[in-house]
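Here's the letter readout for the chains.
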Amino acid sequence: QVHVVESGGGLVQPGGSMTLSCTASGNIFSVFVMRWYRQAPGKQREFIASIHSGGVSNVAESVKGRFTIARDSPETTVTLQMNSLKFDDTALYYCNIWTRDGEAWGQGTQVTVSS
C-alpha cells in the first residue's frame, strides 16, 4: 500500500557531488524512520544512513563526513547529499521506510562515479 520512489541518480565524476531524493506515498501513519541503503554489483546491500521521526540521524562509517541525510517537508520525504564521491560509491541506492503499519522499499536509483 505504501509506495517509495527514489530519484536524482546518474553519472558523476570522482570528487563531484550529487543529491538523491526519496518520497513515500500512500496510506502512511506514524513514520518511525527512513533509511538509505546501496548495493554494488556482486556485493551485499549496505546500510548508508537513517533519520528518525525525532530528527536523529545516523551515517555509516564508510561515508561519514561526505554524505548527509535530511528530512524534508512533508515528513515522508528524505534526501541524501553526497559529496567528494569516489569510484567505490558506485551502486544502486535504495530508500526504505518504517511506519506503524510496516516496511516498504523503493526500486532504487543508480549512481555511477566514473571519469
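Rules behind the numbers
- As a convention, each chain's residues are numbered from 1 in the sequence order in which they are written.
- Whole-chain, interface and lining totals are the exception, using all residues; otherwise, since this is a predicted model, local features are given only for residues with pLDDT of at least 70 and side-chain atom pairs are given and counted only at 80 or more.
- Calculation of side-chain values draws on the structure's entire complement of heavy atoms; hydrogens and water are dropped beforehand.
- Counting from the N terminus, the helices are the DSSP runs of H or I reaching at least four residues and the strands are the DSSP runs of E reaching at least two.
- Residue burial is assigned from relative accessible area. The probe radius is 1.4 Å, only protein chains are included, and a residue is buried under 20% of its type maximum, exposed over 50%, and partly exposed in between.
- By definition, residues are in contact when any of their heavy atoms lie within 4.5 Å.
- Two strands pair if DSSP finds at least two bridges between them.
- Convention adopted: a line fitted to C-alpha atoms gives each axis, helices being fitted over their contacting stretch, and angles between N-to-C directions are expressed from 0 to 180 degrees.
- We define a polar contact as two N or O atoms separated by no more than 3.5 Å, with the added condition that, inside protein, one atom must be a possible hydrogen donor and the other a possible acceptor, whereas residues neighbouring each other in sequence contribute only through side-chain atom pairs.
- We call a pair of cysteine sulfur atoms a disulfide when they lie within 2.5 Å.
- Ring geometry is summarised as follows: Phe, Tyr and Trp rings, the Trp one being its six-membered ring, pair when their centres sit within 6.5 Å, and such pairs are stacked at plane angles under 30 degrees, edge-to-face over 60 and tilted between the two.
- Lysine and arginine charges are scored as sitting over a ring when NZ or CZ, respectively, is within 6 Å of the ring centre and within 35 degrees of the ring normal.

> Help me understand the environment of valine 56, please; the structure alone is not making it clear to me.
Within the secondary structure layout, valine 56 lies in the loop between strand 5 (46-52) and strand 6 (57-59). Given a relative accessible area of 52%, valine 56 falls into the exposed group. Sequence-distant contacts of valine 56, defined by excluding residues within four places in its chain, comprise Ser50 and Ile51.

> Just checking my understanding: could you explain the sheet that holds strand 3 (residues 18-25) for this structure?
Working definition: the strands of a sheet are paired by backbone hydrogen bonds and lie parallel or antiparallel to each other. Reading across from one edge, 1-3-8-7 is the order of the four strands in this open sheet, with antiparallel pairing throughout. Only two strands of the sheet have a single neighbouring strand rather than two, namely strand 1 (3-7) and strand 7 (67-72). Here the average twist between neighbouring strands, direction ignored, is 15°. As defined by bridge partners, strand 3 adjoins strand 8 (residues 77-82) across six bridges and the pair is classed as antiparallel. Along strand 8, the bridge assignment pairs threonine 23 with threonine 77.

> In this structure, what is going on with the side chain of aspartate 89? I would like to understand it.
As for its placement among the helices and strands, aspartate 89 is situated in the loop between strand 8 and strand 9 (91-99). In this structure the side chain of aspartate 89 is engaged in a polar contact, spanning 2.7 Å, whose partner is the backbone nitrogen of lysine 86.

> Help me out: how do you make sense of the state of the cysteines in this one?
Where two cysteines share a covalent bond between their sulfur atoms, that bond is called a disulfide. Taken as a whole and judged by the stated rule, the model has one disulfide. Two residues, cysteine 22 and cysteine 95, share a disulfide whose sulfurs are 1.9 Å apart. Note on the cysteine 22 and cysteine 95 pair: the S-S dihedral is about -80°, so by sign convention the disulfide is left-handed. Taken together, the residues span a long stretch of sequence, with cysteine 22 in strand 3 and cysteine 95 in strand 9 at a distance of 73 residues. The buried category is assigned to cysteine 22, whose relative accessible area is 0%. In this structure cysteine 95 comes out as buried when scored by relative accessible area, which is 0%.

> Mind showing me how you'd approach the packing of aromatic side chains here?
A ring pair, where both rings are aromatic, is described by two values, the distance of the centres and the angle of the planes. Enumeration according to the criterion identifies two aromatic pairs in this entry. Joined through ring pairs, the aromatic side chains of Tyr37, Phe47 and Trp105 make up one cluster. Just above the ring of tyrosine 94 sits the side chain of arginine 45; from NZ or CZ to the centre is 3.9 Å.

As far as function goes, none of this settles anything; it's purely spatial.
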